[in-house]
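What follows is each chain in one-letter form.
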Amino acid sequence: MNFRNSESPTKLRGGYYTPKPVASFLAKWVLKKRPCSVLEPSCGDGAFVRAVRFSRRYRLRLTGVELLPEEAKKARAVVEGDRTMESEIISGDFLEWALPKIESGTSFAAVIGNPPYIRYQYLESQDKALSEAVFARYGLAFTKHTNAWVPFVIASVGLLAAGGRLAMVIPSEILHVLHAGSLRKFLLSECQRILIIDPSELLFEAALQGTVLLMLEKKSTPEQQSEGVCVLPMADNGFLDRDPESFFTNAAYVSGDVLNGKWMKVLLHPEELRVFEKVCRMPTVRRFGDIASVDVGIVTGANKFFLVDDATVSRYGLEEFSKPMFGRSEHCPGIVYDRDVQEANRARGLPTNFVMFGNVPVSALPASARKYVRFGEKQGLDSRYKCRIRQSWYSVPSVYATPVGMLKRSYNFPRLILNSAGAYTTDTAYRIRAIESSISSESLVYAFVNSLTALTAELEGRHYGGGVLELVPSEIEKLAIPIIKSNGFDLVALDQRVRASEDPDSLLAAQDVKVLKAAGLTKKERETIHQAWRRIRSRRHRLVPEE
C-alpha cells in the first residue's frame, strides 16, 4: 500500500514536464489542419504553449488552464507580446472549468497537452467528485481505481470540435488497465482514428512508467464509422525528428472485436493475431476460468505481524499457532513448494510461518501468545480497518490452503506453484484448484508454462514500473491454457529448470515443443506464438528484441 505522506510533491500533483521535442512533434501534428482554436488543459510551465506559438504561421486563439498560479504565470509569459495569437491562460482546476463549458457547447478545433498522472487515492475530495462528474456526464462506468489523466482525456475529447485533433502524452497503461476501460470505450465511440505511438525509451524518467503519444481525430458526424486503433512501436525516440502526419496517415488501423476490452491485441502483427485467434479456438486449448477456480490469498491486514520467521516463533512461543506459508517470489524458486523448499526458506531466516490464533478470547491464549497479541496492539494493529472489523482483531478469516498457488506479480512469465506442502498464502498470491476431475493439479501446473499462456498473460495483465506484470483473478480466468495428458510430462525436471533461472526464452521454447505440440499446434504456429510473446514481453521490459 502506498500512502500519501510518503510520496513526493511532484507525484502528488502529477506534474511531469514535457520535453521540447515531444511538445514540438505533437504541436506540428495538430496544427497541420490549421485549427482556429487550441486548448491546452494542463499548461504547466508552458511547454505546449511555446510549441504551438513557434510551430504555427497563422493567427489562432489559444486557451490554457493551469492549476498552480505560479506555473500559469510562466505560461502567460510565453505568449506575452505576441500580437498574432489571441491567448487566455486561466489559473484554476481544469475539470471544474471544463464541465460547464461542455454543457454550454463550447468546443475547440484542437486540444494538446500532458495531463496530470495522479492516483485516485491521492486526489483531493473535490477532485474526486469532479472526476466522477465527468464520467457521469457521458454515462461512463466509474471506478475509484481511476487515475487523474483518465477524466482529463475524457473532458478534453468532450471539448474537441467535430473533426478536430487531440494530441497528448499519457501513460502507456491506456492499453491495458481496467480503470481505463470506460475511456477506451468512449474514444472508440467518439473518434474516427486513434493512433498511439509507443516509444521503447521512457519520455519521463522521473515518472518511472512508460508513456505513449495519443493522436486522434474526432468523428465529423456521430454516424461516421470508426476506423479503429493503431499502436506504432518505436525502437528509440528518433521518430520525433520525422513528420508526424506521415505516421497518422499511413498507419494500419485495427477495428472490430480486437478492441473489445483491452487494446493489447493491437500490438500483435496481423499474422500473429490470426494464429493467436485460431489456436485459442482449438478444442485442446481452454479458458483457465473454465477448468480452475481462482481466489485471493489470505487477507491478514498486517502481514508483518502474522507472517514471521522462526526466531519470532521461538521468542514468543508460537509453535502451536504457526503454519507453513509462502507469499513472495523469494519463497518460491521453482514451480513446486514442498517441505524441502519450506525447510530451505526457514534456514535462510525467511518469514515462513503464518500465525493463526483462531477466533478465541485473548484470555484463552497461553501467556506467551497473549504477550505477542499485546505487542501487536502496541503497534496499533488492532485499529487498522481490516483488523478492527473482526470480532477478535487477531482472528484472520478465510484461512485455507489449495493444491495450487500463483504469485500475483511476475517478471518474465507467470507460473503456477504446486503446493505440496499444504502451505497457506497471503493476498500477494492466489489460491487455485482444478474444477474438472480429469485435470490434475500437477498437469495444470506443468501445462501453464508455455508461450501461449504467457502471451495471453501479457495481453490480459497490467504492467508496472520496472517491467513487472500483474494479474488479478478476472484476468487469470481469461488466460488460454492447453490441456495435456497426465502421463506426458516431467514436473520435477521442469521445476529444476525454473529453479536454475534458465533463460526464459529457451525455457518456453522447449516447453512449447512438449505442451503446445501435444495440443496440436504446428511448428510454424508455435514459433509465431513464441515470437509474439517474446516481443510483447520485451516491450514490457522496455527492451528491443532481435527480429
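Because the structure is a prediction, the values reported are computed rather than measured.

What counts, and at which threshold
- Here the residue numbers are simple positions, counted from 1 along each chain's written sequence.
- pLDDT decides what is reported in this predicted model: residues at 70 or higher carry local features, side-chain atom pairs at 80 or more are listed and counted, and totals for whole chains, interfaces and linings draw on all residues regardless.
- Side-chain figures throughout are based on the complete set of non-hydrogen atoms in the structure, without hydrogens or water.
- Only DSSP runs of H or I covering at least 4 residues are called helices, and only runs of E covering at least 2 are called strands; the numbering of each starts at the N terminus.
- For the radius of gyration, the atoms used are the C-alpha atoms, and the globule rule reads 2.2 Å times the number of residues raised to 0.38.
- Burial here depends on accessible area, computed with a 1.4 Å probe over protein chains only, as a share of the maximum for the residue type. Under 20% is buried, over 50% is exposed, and the range in between is partly exposed.
- Two strands pair under a simple rule: DSSP has to find at least two bridges between them.
- For helices, the fitted line uses only the C-alpha atoms of the stretch in contact; every axis is such a line through C-alpha atoms, and the angle between N-to-C directions lies from 0 to 180 degrees.
- Orientation is classified from the angle alone, with under 35 degrees giving roughly parallel, over 145 giving roughly antiparallel, 65 to 115 giving roughly perpendicular, and any other angle giving oblique.
- Less than a right angle of anticlockwise turn of the near helix away from the far helix marks a crossing as left-handed, whereas a clockwise turn marks it as right-handed.
- By the convention used here, residues are in contact when the closest approach between their heavy atoms is within 4.5 Å.
- When two cysteine sulfur atoms are found within 2.5 Å, that pair is recorded as a disulfide.
- When charges are counted, Lys and Arg contribute as positive and Asp and Glu as negative, whereas His and the chain ends are disregarded.
- Think of a salt bridge as a Lys or Arg side-chain nitrogen and an Asp or Glu carboxyl oxygen that are within 4 Å of each other.
- The rule is short: rings of Phe, Tyr and Trp, with Trp giving its six-membered ring, pair when the centres are within 6.5 Å, and they are stacked under 30 degrees, edge-to-face over 60, tilted in between.
- Counted as over-ring charges are cases with an Arg CZ or a Lys NZ within 6 Å of the ring centre that also lie within 35 degrees of the ring normal.
- As used in this record, nonpolar core signifies buried Ala, Val, Leu, Ile, Met, Phe, Trp, Tyr and Cys residues forming a set joined through side-chain atoms within 4.5 Å.
- Residues are sorted three ways: Asp, Glu, Lys and Arg are charged, Ala, Val, Leu, Ile, Met, Phe, Trp, Tyr, Cys and Pro are nonpolar, and all the rest, Gly among them, are polar.
- To estimate the expected span of a helix, count its residues, drop one, and scale the result by 1.5 Å.

Colleague: Would you mind going over the overall build of the protein chain with me for this structure?
Modeller: Along the protein chain, the regular secondary structure elements total 22 helices and 21 strands. Taking 2.2 N^0.38 as the reference for a compact globule, 547 residues should give roughly 24 Å; the C-alpha atoms of the protein chain span a radius of gyration of 27 Å, in line with that estimate. Taking the principal axes of its C-alpha atoms as reference, the protein chain extends roughly 80 × 60 × 35 Å. Burial analysis of the protein chain (547 residues in total) assigns 55% to the buried set.

Colleague: Which parts of the structure should I look at to understand the pairing of strand E6 (residues 191-199)?
Modeller: Within a regular strand, side chains alternate between the sheet's two faces. Most of E6 sits inside the fold, with nine of its nine residues counted as buried. The pairing of E6 with strand E7 (residues 211-218) spans six bridges and is classified as antiparallel. Pairing of Ile-194 across the sheet is with Leu-216, part of E7. With seven bridges joining them, E6 and strand E8 (residues 228-234) adopt parallel strand pairing. Paired with Leu-195 across the bridge in E8 is Cys-230.

Colleague: Sorry if this is basic, but what is going on with the packing of helix H5 (residues 94-104) against helix H7 (residues 149-158) here?
Modeller: The description of two packed helices rests on the angle between their axes and on the distance between the axes. Direction vectors running N to C along H5 and H7 enclose 30°, while the axes themselves pass 10 Å from each other. Looking at the two axes, H5 sits roughly parallel to H7. Taken as a pair, H5 and H7 cross one another with a handedness that is left-handed. Residues Phe-94, Leu-95, Ala-98 and Ile-102 of H5 form the contact with H7, whose own contacting residues are Pro-151, Phe-152, Ala-155, Ser-156 and Gly-158.

Colleague: In this structure, what is going on with the state of the cysteines? I would like to understand it.
Modeller: Think of a disulfide as a covalent bridge from one cysteine sulfur atom to another cysteine sulfur atom. Applying the stated criterion across every chain, the model contains zero disulfides. Here Cys-230 is not disulfide-linked; the sulfur of Cys-191 is the nearest cysteine sulfur, at 15 Å. On the basis of relative accessible area, Cys-230 is assigned to the buried category, the value being 5%.

Colleague: Sorry if this is basic, but what is going on with the side chain of Lys-219 here?
Modeller: By the secondary structure assignment, Lys-219 is in the loop between E7 and E8. Glu-190 is the oppositely charged side chain nearest to the buried, salt-bridge-free Lys-219, at an N-O distance of 7.3 Å. If we ignore the near neighbours within four places in the chain, the residues touching Lys-219 are Ala-162, Gly-163, Leu-188, Ser-189, Glu-190, Cys-191, Gln-192, Gln-224, Gln-225 and Ser-226.

Colleague: Even after reading the chapter, I still don't get the pattern of salt bridges, so can you show me in this structure?
Modeller: A side chain of one charge can pair with a side chain of the opposite charge if their charged atoms are brought near each other. With the rule as written, the count across this model stands at 27 salt bridges. Salt-bridge contacts for Glu-217 lead to Arg-165; the nearest nitrogen and oxygen are separated by 2.8 Å. Remark: Arg-165 occurs in strand E5 (residues 160-171) and Glu-217 occurs in strand E7; sequence separation between them is 52 residues. Classification of Glu-217 as buried rests on a relative accessible area of 7%. Residue Arg-165 is classed as buried on the basis of its relative accessible area, which comes to 4%. Sharing partners across several salt bridges, the network here consists of Lys-33, Arg-165, Arg-193, Glu-217 and Glu-245.

Colleague: I tried to follow the packing of aromatic side chains on my own but got confused; where do I start?
Modeller: Both the distance between ring centres and the angle between the ring planes are used here to describe each pair of aromatic rings. Scanning all chains against the criterion turns up 25 aromatic pairs. For the pair Phe-305 and Phe-306, a centre-to-centre distance of 4.9 Å together with 85° between the ring planes defines the contact as edge-to-face. When its relative accessible area of 3% is taken as the criterion, Phe-305 is described as buried. Between Phe-357 and Tyr-394, the aromatic rings sit 5.8 Å apart at their centres with planes inclined by 90°, giving edge-to-face as the arrangement. Of this pair, Phe-357 sits in the loop between strand E13 (353-355) and helix H15 (367-378) while Tyr-394 is found in the loop between helix H16 (385-388) and strand E14 (404-407), placing the two residues 37 residues apart along the sequence. For the pair shown, Phe-357 and Tyr-394 are each scored as buried. Feature note: the residues Phe-305, Phe-306, Tyr-316, Phe-321, Phe-357, Tyr-372, Phe-375, Trp-393 and Tyr-394 constitute an aromatic cluster, connected by ring pairs. A cation sits over an aromatic face here: Arg-137 above Tyr-138, 4.9 Å from the ring centre.

Colleague: It is not clear to me how the nonpolar core should be interpreted in this structure. Could you clarify?
Modeller: One recurring pattern in soluble globular proteins: nonpolar side chains tend to sit buried together. Counting 142 residues, the largest nonpolar core has Leu-26, Phe-94, Ile-174, Ile-196, Trp-263, Phe-288 and Ile-432 as the members making the most contacts within it. Residues Ile-298, Phe-305, Val-313 and Leu-365 belong to the second largest nonpolar core, which totals 24 residues.

Colleague: Would you mind showing me how to read the sheet that holds E6 here?
Modeller: By definition, the strands of a sheet pair up through backbone hydrogen bonds, in either a parallel or an antiparallel sense. Overall, mixed pairing links the eight strands, which are arranged E3-E2-E1-E4-E5-E7-E6-E8 in an open sheet. A single partner strand is all that each edge strand has here, and the edge strands are strand E3 (85-91) and E8. When strand polarity is set aside, the average angle formed by the axes of neighbouring strands in this sheet is 15°. Across the face of the sheet, H7 comes into contact with strand E4 (108-113), E5 and E7 while running at roughly 160° to E5.

Colleague: Is there a simple way to think about the packing of helix H21 (residues 504-518) against helix H22 (residues 523-541) in this case?
Modeller: Following both chains from N to C, one finds H21 and H22 inclined at 145°, their axes separated by 10 Å at the closest point. In the crossing of H21 with H22, the sense of the turn from one axis to the other is right-handed. Only Arg-526, His-530, Trp-533, Arg-534 and Arg-537 of H22 make contact with H21, whose side of the interface consists of Pro-504, Asp-505, Leu-508, Ala-509, Asp-512, Val-513, Leu-516 and Lys-517. Residues belonging to the contact of H21 with H22 are distributed by class as follows: six nonpolar, one polar and six charged.

Colleague: Where do I start with H15 in this structure?
Modeller: Because an α-helix packs 3.6 residues into every turn, residues spaced three or four apart end up facing the same way. Taking 1.5 Å per residue as the helical rise, H15 with its 12 residues ought to reach 16 Å, and the 16 Å between its terminal C-alpha atoms agrees with that figure. Each element contacted by the buried residues of H15 is listed here: helix H12 (303-306), strand E11 (307-308) and helix H13 (310-316). A positive backbone phi angle near 80° is found at Gly-380, which sits one or two residues after H15.

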